[in-house]
Amino acid sequence: MVEEKIVVVDFGGQYNQLIARRIRQMDVYSEVVPYTVPLSELAKEDVKGIVFTGGPNSVYLESSPRISRDVLALGKPILGICYGAQLLAHLLGGKVEHADDSEYGSTKLFVEDSRLLQGISKETDVFMSHTDYIATLPQGTRKTSFTKHCPIASFEDEERKVYATQFHPEVEHTIEGQKILENFVLDICNCHQTFLKSSFIQDQVRAIREKVQDRKVLLALSGGVDSSVTAALLSKAIGKNLTCVFVNHGLLRKGEAEQVSSVFGPMDLNFVPVDASALFLERLKGVTDPEEKRKIIGRTFIDVFRAEKEKLGEIDFLAQGTIYPDRIESGLGISATIKSHHNVGGLPKDIGFQGLIEPLDHLFKDEVRDVGRQLGLPESLVDRQPFPGPGLAIRIVGEVTKEKIAIVQEADSIFRDEIRRNGLQKRCSQYFAALSNMRSVGVMGDFRTYEYAVVLRAVETDDFMTAKASELPYSFLSHVASRIVNEVQGVNRVLFDFTSKPPSTIELE
């Protein structure tokens, strides 16, 4: 049976992967493609509907990304969001203009009769983010909602299967956004909710066996959720033909190298630990740009794996725990490269292996956790907090040095220890200490100091696509700050990062 899917066509929107994630929450498969996708791909039988994302451009400019008007002739339901809505209006002969009053943030929406907005409150809060607006509706379409500053907040044409919202239903600030997306996916596109993880495991095991056959695979095992689930999948598929190499790049949390070795060493995974901390530190010397850090780390990982490959003998494939957000944030489609993940944008063209195996590269983090549970991994591994592949290098703003690594390791250990002691783990999806590049004047005893500021970060999220700062007690934060300043040499100030994602990312770099 062909898996039904909704295709999200990316026009450079910052929420492209969030749209796909919201659709997958309905147990319907969704994937993101660039706007340059051939129409023949969108015409395939398994494509039940198409979503046009938002984007930063103006549709009336010749240089703006667009898709052929022939997409309308495919007969597939299309939902346009923000720029996508304006593009649909433009393609259908409507008029889009620059708005006198831009809208950004939560806005009151007034709903009229609509199939897309069926079951939605007549007045509801939505998230707007636009400077252009639809000034004139295309012929044959009808307005279905409006706001104080946006006369056409949504429109539709059921006959041509065209639906459009100026607001963002995928963002949590749109209170009834998930219901709107369900109306499109389940009612209008008539998708069946058949995207199940059990079939995913069977399909991946079969695909891995077909690709690898009797050859050997080296897995980059970090001990995190993604690489651990990848290890379990590969072990199930190819058994002894798998070798797991754990590289200590010297940028791990305090005691983590020893912890990973103690967990995976006894397992039947051909576990090979490698200490390459001196090499990574040498290559990062003097580097301050976060993108360059990530790329150096990605290239250095490959060099280490190549060296281990030579020691281990004939190995054909390199496996990684790459997941879907890694690919999208590294510049899938035309979206801006938010950050080049070391295992995607940081890889050299010639990796020194016959090919890559990335069985999780179409899954989001919570889906990876579900797969891990089905594979029988312990909750302590499945629920482990994400830790970036580049490690503390992207939690240290500016140049990475031994002194800075030690500061972050100690401060992070204190923060994590106090989170556990106070039973606050359930309130935080991810929490850590980072080091700013700011040094400031302080006083300890009777002496002036000029030392670093540590940044504490704690967020709540269900998908890591969006996140908000955890509301930790002031007394708790004050206590943690006191401990860090008193116990960690080189720190005289502690800050707490209250910023949501977006506009920030969870990590500092």
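In the block above lies the structure referred to throughout.
An account of the accompanying structure is given in this report. (Residues numbered from 1 in each chain as written. Predicted model: local features only at pLDDT ≥ 70, side-chain atom pairs only at ≥ 80, totals over all residues. Heavy atoms only, no water.)

### Observations concerning helix α4 (residues 177-188)
With twelve residues, α4 ought to run about 16 Å at 1.5 Å a step, and its terminal C-alpha atoms sit 15 Å apart, in line with that. Among all positions in α4, only G177, I180, L181, N183, F184, V185 and I188 are buried. In this fold, the buried residues of α4 make contact with β1 (5-10), α1 (16-24), β3 (47-52), β4 (78-81) and β9 (162-165). Looking one or two residues past α4, N190 carries a phi angle of roughly 60 degrees, positive in sign. (Helix = DSSP H or I, 4+ residues; strand = E, 2+ residues; numbered from the N terminus. Expected span 1.5 Å × (residues − 1). Buried < 20%, exposed > 50% of the residue type's maximum accessible area, 1.4 Å probe, protein only. Contact = heavy atoms within 4.5 Å.)

### Description of the side chain of D361
Residue placement: D361 occurs in the loop between β14 (355-357) and α11 (365-374). Once residues lying within four places of it in the same chain are set aside, the contact partners of D361 are T322, I323, Y324 and R327.

### So, the sheet that holds strand β12 (residues 271-275)
Read across the open sheet, the five strands follow the order β12-β11-β10-β13-β14; overall the sheet is parallel. Every interior strand has two partners, whereas the edge strands, β12 and β14, have only one. Across the sheet, the mean angle from the axis of one strand to that of its neighbour is 30 degrees, orientation sign disregarded. Alignment of strand β13 (residues 317-319) against β14, held across three bridges, turns out to be parallel. Within β14, the residue paired with A319 across the bridge is I357. Each of β10 (217-220), β11 (242-248), β12 and β13 touches helix α9 (residues 290-312); the most contacted strand, β11, lies at about 135 degrees to it. (Pairing = 2+ DSSP bridges. Axes fitted to C-alpha atoms, helices over the stretch in contact; angles between N-to-C directions.)

### Regarding the environment of G224
Summarising the element assignment, G224 is placed in the loop between β10 and α6 (225-238). When its relative accessible area of 15% is taken as the criterion, G224 is described as buried. Between the alpha carbons of G224 and S68 there is a distance of 43 Å; along the sequence they are 156 residues apart.

### Describing the packing of helix α13 (residues 402-421) against helix α14 (residues 474-487)
One way to put it is that α13 packs onto α14 with a least axis distance of 10 Å and a crossing angle of 145 degrees. Like other packed secondary-structure pairs, α13 and α14 cross with a definite hand, here right-handed. Between α13 and α14, the contacting residues are A411, I414, F415, D417, E418, I419 and R421 on the first element and F476, H479, V480, R483, I484 and E487 on the second. Within the contact of α13 with α14, the residues separate by chemical class into seven nonpolar, one polar and five charged. (Left-handed = near helix turned anticlockwise from the far one by under 90°. Nonpolar A, V, L, I, M, F, W, Y, C, P; charged D, E, K, R; others polar.)

### Regarding the pattern of salt bridges
Applying the stated criterion to the full structure yields 35 salt bridges. One salt bridge connects K5 with E31, and the closest N-O pair in it is separated by 3.2 Å. Placement of the pair is K5 in strand β1 and E31 in strand β2 (residues 29-34), with a sequence separation of 26 residues. Exposure class is identical for K5 and E31. Each is buried. (Salt bridge = Lys/Arg side-chain N within 4 Å of Asp/Glu carboxyl O.)

### A short note on the environment of L18
Within the secondary structure layout, L18 lies in helix α1. The spacing of L18 and M465 is 447 residues in sequence and 6.1 Å in space, taken between C-alpha atoms.

### Points about the nonpolar core
Within the largest apolar cluster, 50 residues are counted, with the highest numbers of intra-cluster contacts made by F305, F415, V454, L456, L472 and I484. It is α13 that contributes the most residues to this core, seven residues altogether. Dropping the residues within four chain positions of it, F415 is found in contact with Y431, F432, A433, L456, R457, A458, L472, F476 and V480. Residues Y15, L18, Y324 and A467 belong to the second largest nonpolar core, which totals 43 residues. (Core = buried A, V, L, I, M, F, W, Y, C linked by side-chain atoms within 4.5 Å.)

### Comments concerning the sheet that holds β2
Strand order in this open sheet of nine strands is β2-β1-β3-β4-β9-β8-β7-β5-β6, and the pairing throughout is mixed. With one partner strand each, in any of the chains shown, β2 and β6 (123-136) form the two edges of the open sheet. In this sheet, neighbouring strand axes are inclined to one another by 20 degrees on average, regardless of whether the strands run parallel or antiparallel. Sitting on the sheet, α1 touches β1, β2, β3 and β4, and the angle it makes with β2 is about 160 degrees.

### Focus on the environment of G94
Mapped onto the elements of the fold, G94 is located in the loop between α3 (83-91) and β5 (95-111). Looking at G94, the relative accessible area reads 15%, which means it is buried. Along the primary structure G94 and C428 are separated by 334 residues, whereas in three dimensions their C-alpha atoms are 46 Å apart. Residues within four places of G94 in sequence aside, it is in contact with A89, T136, L137 and P138.

### Some thoughts on the packing of aromatic side chains
Counting across every chain of the model gives 14 aromatic pairs. Seen in terms of ring centroids, Y324 and F364 are 5.5 Å apart; in terms of plane orientation they differ by 80 degrees. Their pairing is edge-to-face. One end of the pair, Y324, is in helix α10 (residues 324-329); the other, F364, is in the loop between β14 and α11, with 40 residues separating them in the sequence. Residue class for Y324 comes out buried when judged on its relative accessible area of 1%. Geometrically, the ring pair formed by F415 and Y431 is edge-to-face, given 6.2 Å between the ring centres and 80 degrees between the ring planes. Placement of the pair is F415 in helix α13 and Y431 in strand β15 (residues 430-444), with a sequence separation of 16 residues. Comparing F415 with Y431 shows no difference in burial state: the two are buried. Of the aromatic side chains, those joined through ring pairs into one cluster are F11, Y35, F52 and Y83. (Phe/Tyr/Trp six-rings, centres within 6.5 Å; stacked < 30°, edge-to-face > 60°.)

### Quick look at the packing of α6 against α11
Following both chains from N to C, one finds α6 and α11 inclined at 40 degrees, their axes separated by 10 Å at the closest point. Relative to α11, the element α6 lies oblique. The two elements α6 and α11 cross, and the hand of that crossing is left-handed. Between α6 and α11, the contacting residues are V225, D226 and V229 on the first element and K365, V368, R369, V371 and G372 on the second. When grouped by side-chain class, the residues that make up the contact of α6 with α11 number four nonpolar, one polar and three charged. (Parallel < 35°, antiparallel > 145°, perpendicular 65-115°, else oblique.)

### What about the layout of surface pockets?
Quantified by volume, the largest pocket comes out at close to 830 Å³. For the lining of the largest pocket, the secondary-structure elements that each account for two or more residues are α7 (256-264), α11, α12 (379-382) and α13. Among the elements that make up the lining of the largest pocket, the one with the highest residue count is α7 (five residues). Partitioning the lining of the largest pocket into residue classes produces seven nonpolar, nine polar and 14 charged. Quantified by volume, the second largest pocket comes out at close to 350 Å³. If you trace the second largest pocket, you find 17 residues lining it, with Y29, F195, F200, D203 and Q204 closest to the centre. Put simply, the parts of the chain that give the lining of the second largest pocket at least two residues each are β2 and α5 (197-212). If one sorts the elements of the lining of the second largest pocket by residue count, α5 sits on top with five residues. Classifying every residue of the lining of the second largest pocket gives seven nonpolar, four polar and six charged. (1 Å grid on protein atoms, 1.4 Å probe; cavity = no way out; pocket = protein on both sides within 12 Å on 5 of 7 lines; lining within 4 Å. Points joined across faces, edges and corners; volume = space filled by probe spheres on them.)

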